[in-house]
Amino acid sequence: MAFYDELSEQEIIRRNSLEELRKLGINPYPAAEYPVTHTTGDILKDFENMSTKRAEVCIAGRIIARRIMGSASFFELQDEKGKIQVYVKRDDICPTEDKTLYNTVFKKLLDIGDIVGVKGIVFRTQMGEESVHTTELTLLSKSIRPLPIVKEKDGKVFDAVTDSEMRYRQRYVDLIINPQVRETFINRSKVINTMREFFNSKGYLEVETPILQPIPGGAAARPFVTHHNALDIPLYLRIANELYLKRLIVGGYNGVYEFAKDFRNEGMDRTHNPEFTVMEIYIAYKDYFWMMNFTEEMLEKVAIAIHGTTKITFGDKEIDFKRPFRRITMTDAIKEYTGIDITGKSENELRTICKELEVEVDDTMGKGKLIDSIFGEKCEEHMIQPTFIMDYPIEMSPLCKRHRNNPELTERFELFIAGKELCNAYSELNDPIDQLERFQEQLKLSEKGDDEAMFIDMDFVRALEYGMPTCSGMGIGIDRLTMFMTNNQSIQDVLFFPQMRPEKKPQKDNAEAYAQKGIPTEWVPILQKMGFNTVASLANVAAGKLFNDLCGYNKKNKLGLKNPSMDDVKSWVE
RNA sequence: CGGUUCGUAGCUCAGUUGGCAGAGCACGUGACUCUUAAUCUCGGGGUCGUGGGUUCGAAUCCCACCGAACCGACCA
């Protein structure tokens with residue numbers, strides 16, 4: 001019994017059921033394949049035909065509800081595609097005198113949460129419910145932990161589990177009891193597949209590049225650091241894969257793309273997880289105008305793949321992904337929302353403008369960051385419908401080609417939707433001398449105190465020195481795109497396992513530690529139940545009260561243990 | 001990192017002015033051969049997040065800590 005002490009009453013009952021099943025010769029975790037012929041979806045889709053033909057099916061899944069009557073019962077079986085009602089009649093599954101399988105196994109030893117196989121006939125009940133009439137019932141996996149019960153009637157859901165702690169920490173439970181969550185992740189996969197098929201149809205190559213990088217390049221962000229023992233060097237988890245993909249363009253591929261996990265050691269909130277998925281694509285001989293068209297086409301395809309239309313709902317907003325999207329330069333956007341023309345303004349003038357607009361700044365900010373702050377605080381939130389913001393200041397885009405008409409700017413665009421950045425793209429910088437100078441500018445910013453200025457990657461510069469074709473690249477946040485496409489407001493809802501602080505279990509001493517104090521093993525669970533989880537916690541406890549409590553507990557719960565003597569207890573608390 | 005809110009049975013949640021710890025579902029028992037949030041009988045189940053404090057007495061009031069959500073800060 002001591003072994004079971006940590007378990008709840010219901011868990012103990014289920015573990016006992018395991019033993020009962022084994023005694024009856026039923027393996028609760030059989031090894032053999034179960035010959036599934038249909039999913040619940042297959043049956044419901046073709047129900048009229050199958051029920052008329054009294055089709056025989058084998059289905060498998062989890063019991064999620066039971067309605068037991070005397071010698072006939074119904075339960076609901078849920079599989080990947082949905083759920084269907086199953087009818088079990090005692091004399092059908094127990095044709096002989098021995099009714100154990102129904103009376104004991106099905107009614108007593110099976111529970112909600114167990115995974116079973118059902119062989120039976122498709123039929124409709126008198127109440128009109130699509131059902132399967134069981135001829136053979138097989139236990140496939142016993143569940144010994146009770147599942148949260150969610151009930152439903154007429155589309156209304158009762159007692160749904162919304163506690164984010166359980167939903168994210170125990171995603172498997174979330175997926176079992178909240179079917180719309182499974183749907184979200186199916187759509188996430190569809191988003192990625194649609195993009196991949198689009199790229200492959202154009203002949204672009206899917207590639208893989210290093211996650212562990214000696215120089216974390218391609219973006220402005222704080223990296224995670226780790227250490228390689230054999231090489232005895234620090235390595236960084238990638239913050240972007242841009243520099244590697246461009247090396248491959250140098251190598252002669254016309255188009256390369258990668259769906260990549262990136263890692264950034266920064267804050268977490270509703271739109272940021274420390275690891276997240278980005279798709280980056282680079283295509284030779286193109287520029288950022290071409291890339292805008294390409295991006296529009298891609299997103300329109302994704303929206304149609306998920307919703308069958310370009311119009312989607314996101315929170316209280318309706319967003320239309322129909323081409324073409326609005327295009328506006330950053331300067332014009334700032335003019336539109338603040339009335340101020342920043343063209344040709346010096347760093348000091350920009351500082352003054354920020355002060356007037358009540359945009360927060362600090363001394364480490366250069367010209368580019370100041371402009372970005374104005375845009376971020378005054379403009380971003382207005383970009384609800386898909387909008388390309390073009391032509392960023394050169395200072396904040398060190399990997400981007402100078403604008404063909406204005407050397408202060410770069411040929412860069414970002415796509416904003418619902419006030420959030422979704423894509424980032426350039427006409428890629430391929431002038432190796434300019435690139436080295438821009439890296440050196442970053443070094444100066446870093447010396448000025450900007451802790452996310454880029455490192456200099458000399459090998460990347462060397463690659464450019466061999467010559468990279470003109471090229472356009474684009475990166476898109478897959479998690480955010482999925483949030484839009486599945487109408488989820490939180491990144492945690494589109495990641496199976498969002499990062500969370502680890503659970504902490506209260507520390508408990510084992511029985512041996514108590515034994516060293518002369519405390520018999522059988523009293524350990526009782527002491528722990530009373531809150532004395534460690535031997536140390538017993539120190540200086542009033543021996544008299546503890547003695548009374550222990551004897552009282554023994555009596556009240558009819559444990560039949562031999563009570564310790566007062567002297568014993570005194571020695572325990574010394 | 002700061003502000004707000006929350007943490008009570010396996011799950012969803014009540015809990016009044018500080019006065020015996022509650023309900024529904026789930027679980028156990030018994031009845032029931034077409035039920036569907038099945039129904040009906042009886043029953044068991046609690047470290048009230050953790051630790052301290054105030055009090056004759058704390059789920060409730062105070063402090064600290066742990067965890068979560070939201071809003072900011074930082075950050076793309």
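A brief look at the structure comes next.

Basis of the calculations
- Residues numbered from 1 in each chain as written.
- Chains lettered and ligands numbered in written order.
- Predicted model: local features only at pLDDT ≥ 70, side-chain atom pairs only at ≥ 80, totals over all residues.
- Heavy atoms only, no water.
- Near = heavy atom within 4 Å.
- Polar contact = N/O pair within 3.5 Å; in protein donor to acceptor, adjacent residues only side chain to side chain.
- Helix = DSSP H or I, 4+ residues; strand = E, 2+ residues; numbered from the N terminus.
- Nonpolar A, V, L, I, M, F, W, Y, C, P; charged D, E, K, R; others polar.
- 1 Å grid on protein atoms, 1.4 Å probe; cavity = no way out; pocket = protein on both sides within 12 Å on 5 of 7 lines; lining within 4 Å.
- Points joined across faces, edges and corners; volume = space filled by probe spheres on them.
- Pairing = 2+ DSSP bridges.
- Contact = heavy atoms within 4.5 Å.
- Axes fitted to C-alpha atoms, helices over the stretch in contact; angles between N-to-C directions.
- Parallel < 35°, antiparallel > 145°, perpendicular 65-115°, else oblique.
- Left-handed = near helix turned anticlockwise from the far one by under 90°.
- Core = buried A, V, L, I, M, F, W, Y, C linked by side-chain atoms within 4.5 Å.
- Buried < 20%, exposed > 50% of the residue type's maximum accessible area, 1.4 Å probe, protein only.
- Phe/Tyr/Trp six-rings, centres within 6.5 Å; stacked < 30°, edge-to-face > 60°.
- Lys NZ or Arg CZ within 6 Å of the ring centre and 35° of its normal.
- Salt bridge = Lys/Arg side-chain N within 4 Å of Asp/Glu carboxyl O.

RNA strand B sits among 55 residues. The nearest are Glu266, Glu380, Glu421, Glu452 and Arg501. Here a base oxygen of RNA strand B sits 2.8 Å away from a polar atom, N or O, in the side chain of Gln85. In this structure, a phosphate oxygen belonging to RNA strand B sits 2.6 Å away from a side-chain N or O atom of Arg270. Secondary-structure elements contributing two or more residues to the surface near RNA strand B are helix 1 (9-23), strand 1 (56-68), strand 2 (72-79), strand 3 (82-89), strand 6 (151-153), helix 6 (164-169) and helix 18 (524-529). By residue number, the principal contributor to the surface near RNA strand B is helix 6, which donates four residues. Along the lines of polarity and charge, the residues of the surface near RNA strand B split into 18 nonpolar, twelve polar and 25 charged.

Moving on to the layout of surface pockets. By volume, the second largest pocket amounts to about 880 Å³. Along its surface, the second largest pocket is lined by 36 residues, and Lys83, Val150, Lys151, Glu152 and Ile177 are the ones closest to its centre. Looking at the lining of the second largest pocket, the elements that each hand over two or more residues are strand 1, strand 2, strand 3, strand 6, helix 7 (171-177) and helix 8 (179-201). Top element by residues in the lining of the second largest pocket is helix 8. It accounts for six residues. Of the residues in the lining of the second largest pocket, the class split is 15 nonpolar, eight polar and 13 charged.

Right, let's talk about the sheet that holds strand 19 (residues 420-427) for a bit. If you walk across this open sheet you meet the eight strands as 8-12-13-20-19-18-17-16, and the pairing is mixed. Taken across any chain shown, the strands that pair with only one partner, and hence form the sheet edges, are strand 8 (205-206) and strand 16 (326-329). With six bridges joining them, strand 18 (residues 412-417) and strand 19 adopt antiparallel strand pairing. Among the inter-strand pairings, Phe413 is bridged to a residue of strand 19, identified as Ala425. The strands touched by helix 16 (residues 478-486) within the sheet are strand 12 (255-263), strand 13 (275-284), strand 18, strand 19 and strand 20 (471-477), with strand 20 carrying the most contacts at an inclination of about 60 degrees.

Contact geometry for helix 8 and helix 16: axes closest at 10 Å, N-to-C directions at 120 degrees. When the axes of helix 8 and helix 16 are compared, the pair comes out oblique. Relative to helix 16, helix 8 is oriented so that their crossing is right-handed. Residues Thr184, Asn187, Arg188, Val191, Ile192 and Met195 of helix 8 form the contact with helix 16, whose own contacting residues are Ile478, Asp479, Leu481, Thr482, Met485 and Thr486. For the contact of helix 8 with helix 16, a count of residues per class yields six nonpolar, four polar and two charged.

Ranked by internal contacts, the top residues of the largest apolar core, which has 40 residues, are Met195, Phe199, Met279, Ile281 and Ile476. A total of nine residues in this core trace back to one element, the largest contributor, which is helix 10 (residues 288-307). When near neighbours in sequence (up to four residues on either side) are disregarded, Met195 contacts Phe259, Met279, Met298, Val302, Ile476, Ile478 and Leu481. Core analysis: the next-biggest nonpolar cluster, separate from the first, contains 26 residues, Phe47, Val57, Val88 and Val105 among them.

So, on to the packing of aromatic side chains. In total, this model carries 21 aromatic pairs according to the counting rule given. A connected cluster of aromatic rings, assembled from ring pairs, spans Phe198, Phe199, Tyr204, Tyr257, Phe259, Trp290 and Phe294. Across the ring face of Phe106, the terminal group of Arg66 is positioned such that the distance to the ring centre comes to 5.6 Å.

Taken as a whole, this structure holds one cavity of 30 Å³ or more when the rule is applied. Space inside the largest cavity adds up to approximately 30 Å³. Together, Gln213, Ile215, Gly217, Ala240, Asn241, Glu242, Leu243, Tyr244 and Asp457 line the largest cavity. Among the elements that line the lining of the largest cavity, the one with the most residues is helix 9 (residues 242-250), at three residues.

By the definition in use, this model includes 38 salt bridges. Salt-bridge contacts for Glu258 lead to Arg238; the nearest nitrogen and oxygen are separated by 3.3 Å. Highlighted residues: Glu258 in strand 12 and Arg238 in the loop between strand 11 (233-237) and helix 9, separated in sequence by 20 residues. The exposure classification of Glu258 matches that of Arg238, with both residues buried.

Spatial relationships are all this shows, so hold off on functional conclusions.
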